[in-house]
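Architecture at a glance
Single-letter residue listing:
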Amino acid sequence: MSNSVLKLSAITIEKMKEHYHSCLQPATPPGSIFVAKPPGCTITAYKSGKVLFQGKTALDEAYRWENVALPAEQKKAVIKTAHLFAPPENIEELSIIGSDEVGTGDYFGPITVVAAYVKKEQMELLRELGVKDSKHLTDKQIVSIAKDLLHTIPYSLLVLRNEKYNSLQEKGMSQGKMKAVLHNKALLNVMQKLEGKPLDGILVDQFCEPAIYFNHIAREKEQVKEKIYFATKAESLHLSVAAASILARYSFIKEMDKIGDSLGMTIPKGAGAQVDVKAAELIRKFGKEKLREIAKLHFANTKKAEALASGKRW
Ligand code: MG
């Protein structure tokens, strides 16, 4: 049995009411807009905007609406989208280990995962160094800030290179599981480095529902489970996640440069059409096996590149 509370807009609540029209309950408690009972869950929406999910499937139901609500509602709403592992509202003031990853959507290059510890006394220094949401930073800024960060905070950087990634993937491991295992490892590594320094909690930049995350790491020898919080866009909630994100991107940039240098060309990021063209060029020059060393083979780009490469040969 689990519970989840979301703070949602009137528009989203209206949408929910329509969505659950076949399981609306006739009796509703004072202050509520509706009560619905889809399989395994009781949902109560209040006029205040609070929506309570209770029961076996509460997290699944809540997760669906949490994501619908995100684009329209504010940063504070992100904090309030409380599943069981939502960060406390004062998270900004706490000493936290944050974790984030880069490269999961890029065809070329590894996945890099970083956990980093930022105590509250260091936050001002980090802000002075320019640490903020890495989505607002250029690669050049990332490299320069990262070089300072490497000497400033305890962190753990894990790089899952392509050959290992491809072999795990071919054995049936999902990318989500790889990420969860790496986050857990990086968090454990940093916890070991802390040696009694204050730790108020752990914040993971959320890439899947917490229940699924814990399922992914269930067979790991050691699991970080105490005071662990999950939030999407967590780099805007705590500087530790922002710092982890910067270090992960720094490492990814360096890895991509290494791959580019070894091939004597620039390797594009992402998974778009220019990636297909580059991959086709590499197949023609070095053979398909080269991609195993530098790309995530199961992406659709591989098939497109093969088609392009063979097309040009005719
Ligand atoms: Mg992330």
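Anything mentioned here points back to the structure above.
Nothing here was measured: the structure is a model prediction, and the numbers come from that model.

**Considering the coordination of the magnesium ion**
- Looking at the metal site, the magnesium ion is ligated by Asp100 (OD) and Asp205 (OD), spaced 2.1 to 2.2 Å from it. Residue Asp100 is located in strand S5 (residues 96-102), and its partner Asp205 is located in strand S8 (residues 201-205); the two are separated by 105 residues in the primary sequence. Each member of the pair Asp100 and Asp205 is classed as buried.

**Quick word on the packing of aromatic side chains**
- Under the definition given, this model contains nine aromatic pairs.
- The interplanar angle of 65° and the centroid separation of 5.0 Å between the aromatic rings of Tyr107 and Phe108 together place this pair among those described as edge-to-face.
- Taking the relative accessible area as the measure of exposure, Tyr107 reaches 0% and is therefore buried.
- When its relative accessible area of 0% is taken as the criterion, Phe108 is described as buried.
- An angle of 65° between the planes, with centres 5.0 Å apart, marks the rings of Tyr213 and Phe230 as edge-to-face. Linking Tyr213 in helix H8 (residues 210-216) with Phe230 in strand S9 (residues 228-231), this pair joins segments that are 17 residues apart in sequence.
- By relative accessible area, Phe230 is classed as buried at 2%.
- Connected via pairs of aromatic rings, a cluster forms that spans Phe85, Phe207, Tyr213, Phe214 and Phe230.
- Residue placement shows Lys193 over the ring face of Tyr155; its charged tip is 5.3 Å from the ring centre.
- For Lys290, the ring lying beneath its charged end belongs to Phe286, and the centroid distance is 5.9 Å.

**Brief notes about the side chain of Lys296**
- One can find Lys296 in the loop between helix H11 (289-294) and helix H12 (301-313).
- Of the side chains with opposite charge, Asp106 comes closest to the buried, unpaired Lys296, at an N-O distance of 5.6 Å.

**Some thoughts on the nonpolar core**
- Counting residues in hydrophobic clusters, the biggest one holds 69 residues, and the most contacted among them are Phe108 and Tyr213.
- No other element matches helix H9 (residues 239-263), which puts 13 residues into this core.
- Beyond its immediate stretch of four places on either side in the chain, Tyr213 contacts Ala180, His183, Asn184, Leu187, Phe207, Cys208, Ile228 and Phe230.
- If you look at the next biggest cluster of nonpolar residues, it comprises 16 residues, including Leu6, Cys23, Cys41 and Phe53.

**Some points on the pattern of salt bridges**
- For the coordinates displayed, the defined rule picks out twelve salt bridges.
- Ionic pairing is found between Asp139 and Lys269, a salt bridge with its closest N-O pair at 2.7 Å. Of this pair, Asp139 sits in helix H5 (residues 139-149) while Lys269 sits in the loop between H9 and helix H10 (273-286); the two residues are 130 residues apart in sequence, bridging distant segments of the chain.
- The class for Asp139 is partly exposed, based on a relative accessible area of 29%.
- A relative accessible area of 37% places Lys269 in the partly exposed class.
- Note that Glu289 and Arg292 form a salt bridge whose closest N and O atoms lie 3.4 Å from each other. Separated by three residues within a single helix, Glu289 and Arg292 lie in helix H11, roughly one turn from each other.
- We classify Glu289 as exposed; its relative accessible area is 54%.
- Among the charged side chains, a salt-bridge network with shared partners connects Asp139, Arg249 and Lys269.

Cut-offs used in this document
- Residues numbered from 1 in each chain as written.
- Predicted model: local features only at pLDDT ≥ 70, side-chain atom pairs only at ≥ 80, totals over all residues.
- Heavy atoms only, no water.
- Donors = N, O, S within 2.8 Å, 3.2 Å for Na, K, Ca; no water.
- Helix = DSSP H or I, 4+ residues; strand = E, 2+ residues; numbered from the N terminus.
- Buried < 20%, exposed > 50% of the residue type's maximum accessible area, 1.4 Å probe, protein only.
- Phe/Tyr/Trp six-rings, centres within 6.5 Å; stacked < 30°, edge-to-face > 60°.
- Lys NZ or Arg CZ within 6 Å of the ring centre and 35° of its normal.
- Lys, Arg positive; Asp, Glu negative; His and termini not counted.
- Salt bridge = Lys/Arg side-chain N within 4 Å of Asp/Glu carboxyl O.
- Core = buried A, V, L, I, M, F, W, Y, C linked by side-chain atoms within 4.5 Å.
- Contact = heavy atoms within 4.5 Å.

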